[in-house]
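Chain by chain, the residues:
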Amino acid sequence: MTTRAAALAALLILACAQGGCSQAAKTGAAATGKFAGLDGEILTWRKEIIAADPLCKSQAEGQKCDSFDVACKAERTVTPEDQARGITARVVAAMTWNGFDTKFLHAQNGSRTAEFVKNASGWTRAEHKPVNMGSCADL
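Remember, it's a predicted structure, so these values are computed and weren't measured experimentally.

1. Concerning the overall build of the protein
Stage number 1. Within the protein, the regular secondary structure consists of four helices and four strands.
Stage number 2. When the helices and strands of the protein are listed from N to C terminus, the series reads α-α-α-β-α-β-β-β.
Stage number 3. Within the span of the protein, comprising 139 residues, buried residues form 28% of the whole.
Stage number 4. Considering only contacts in the protein between residues 6 or more positions apart, those separated by 24 or more positions represent 57%.

Given below as structure tokens:
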């Protein structure tokens, strides 16, 4: 585990120990709610970025993608038309990371935005236009 990852893990554990985590998150109760399964879909998205993004292609030590961060997540309105099609939730999320440009041989930041849609079959993901990274509002 890298030093940065270990430090982040320690901070998260400390925050939860001091009451920074909700009881639902501690007990797993959120796993049955409206957004159940979304975190797993975001992790799958991250894995797909690592496998396919040009900034993640380098295999040299210190030149791999790291520092992934979900910059924002925001619920979108489910319209009556959506409901008629069985859609129960819409969420837009933006993710950032650090990668390495193998052509120009320097570190570079990457980002992607996606819309997640939930229906009875589960979550689907589609590319989304860029958003404000602080609020996930459309630009």
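2. Some remarks on the pattern of salt bridges
Stage number 1. Inspection of the entire model under this criterion finds eight salt bridges.
Stage number 2. Lys34 is the partner of Glu75 in a salt bridge, and the nearest nitrogen-oxygen pair spans 2.4 Å. Taken together, the residues Glu75 in strand 1 (residues 66-76) and Lys34 in the loop between helix 2 (23-27) and helix 3 (38-52) connect sequence positions 41 residues apart.
Stage number 3. Among the residues examined, Glu75 registers a relative accessible area of 43% and is labelled partly exposed.
Stage number 4. Two residues, Arg125 and Glu48, come together in a salt bridge whose shortest N-O distance is 2.2 Å. Taken together, the residues span a long stretch of sequence, with Arg125 in strand 4 (residues 122-127) and Glu48 in helix 3 at a distance of 77 residues.
Stage number 5. Judged by its relative accessible area of 31%, Arg125 is partly exposed.
Stage number 6. The partly exposed category is assigned to Glu48, whose relative accessible area is 39%.
Stage number 7. It is possible to trace a salt-bridge network through shared partners that takes in Asp82, Arg85, Arg90 and Glu115.

3. Quick notes on the confidence of the model for the protein
Stage number 1. On average, residues of the protein score 83 in pLDDT, and 77% of them reach the 70 mark or higher.
Stage number 2. Here residues 1-30 is modelled with pLDDT under 50, and outside its nearest four sequence neighbours on either side it reaches twelve contacts, counting other chains as well.

4. Notes on the packing of aromatic side chains
Stage number 1. Summed over all chains, the structure comprises two aromatic pairs.
Stage number 2. Relative to Phe116, the ring of Trp45 has its centre 5.6 Å away and its plane inclined at 75°; by these criteria the two rings are edge-to-face. Separated by 71 residues along the polypeptide, Trp45 in helix 3 and Phe116 in strand 3 (residues 106-119) bring together distant segments of the chain.
Stage number 3. With centroids separated by 5.6 Å and ring planes inclined at 20°, the aromatic side chains of Phe68 and Trp97 adopt a geometry described as stacked. Highlighted residues: Phe68 in strand 1 and Trp97 in strand 2 (residues 89-101), separated in sequence by 29 residues. Neither Phe68 nor Trp97 differs from the other in exposure class; each is buried.
Stage number 4. Stacked on the ring of Phe68, the Lys or Arg Arg46 has its end atom at 4.6 Å from the ring centre.

5. Focus: the nonpolar core
Stage number 1. Judged by nonpolar contacts, the single largest core of 16 residues is most densely connected at Trp45, Ile49, Met95, Trp97 and Phe116.
Stage number 2. Going through the elements one at a time, helix 3, strand 2 and strand 3 are the ones with two or more residues in this core.
Stage number 3. Among the elements that make up this core, the one with the highest residue count is strand 2 (five residues).
Stage number 4. Counting residues in hydrophobic clusters, the runner-up holds six residues, among them Cys72, Ala74, Val92 and Cys136.

What counts, and where the lines are drawn
Residues numbered from 1 in each chain as written. Predicted model: local features only at pLDDT ≥ 70, side-chain atom pairs only at ≥ 80, totals over all residues. Heavy atoms only, no water. Helix = DSSP H or I, 4+ residues; strand = E, 2+ residues; numbered from the N terminus. Buried < 20%, exposed > 50% of the residue type's maximum accessible area, 1.4 Å probe, protein only. Contact = heavy atoms within 4.5 Å. Salt bridge = Lys/Arg side-chain N within 4 Å of Asp/Glu carboxyl O. pLDDT = per-residue confidence, 0-100. Phe/Tyr/Trp six-rings, centres within 6.5 Å; stacked < 30°, edge-to-face > 60°. Lys NZ or Arg CZ within 6 Å of the ring centre and 35° of its normal. Core = buried A, V, L, I, M, F, W, Y, C linked by side-chain atoms within 4.5 Å.

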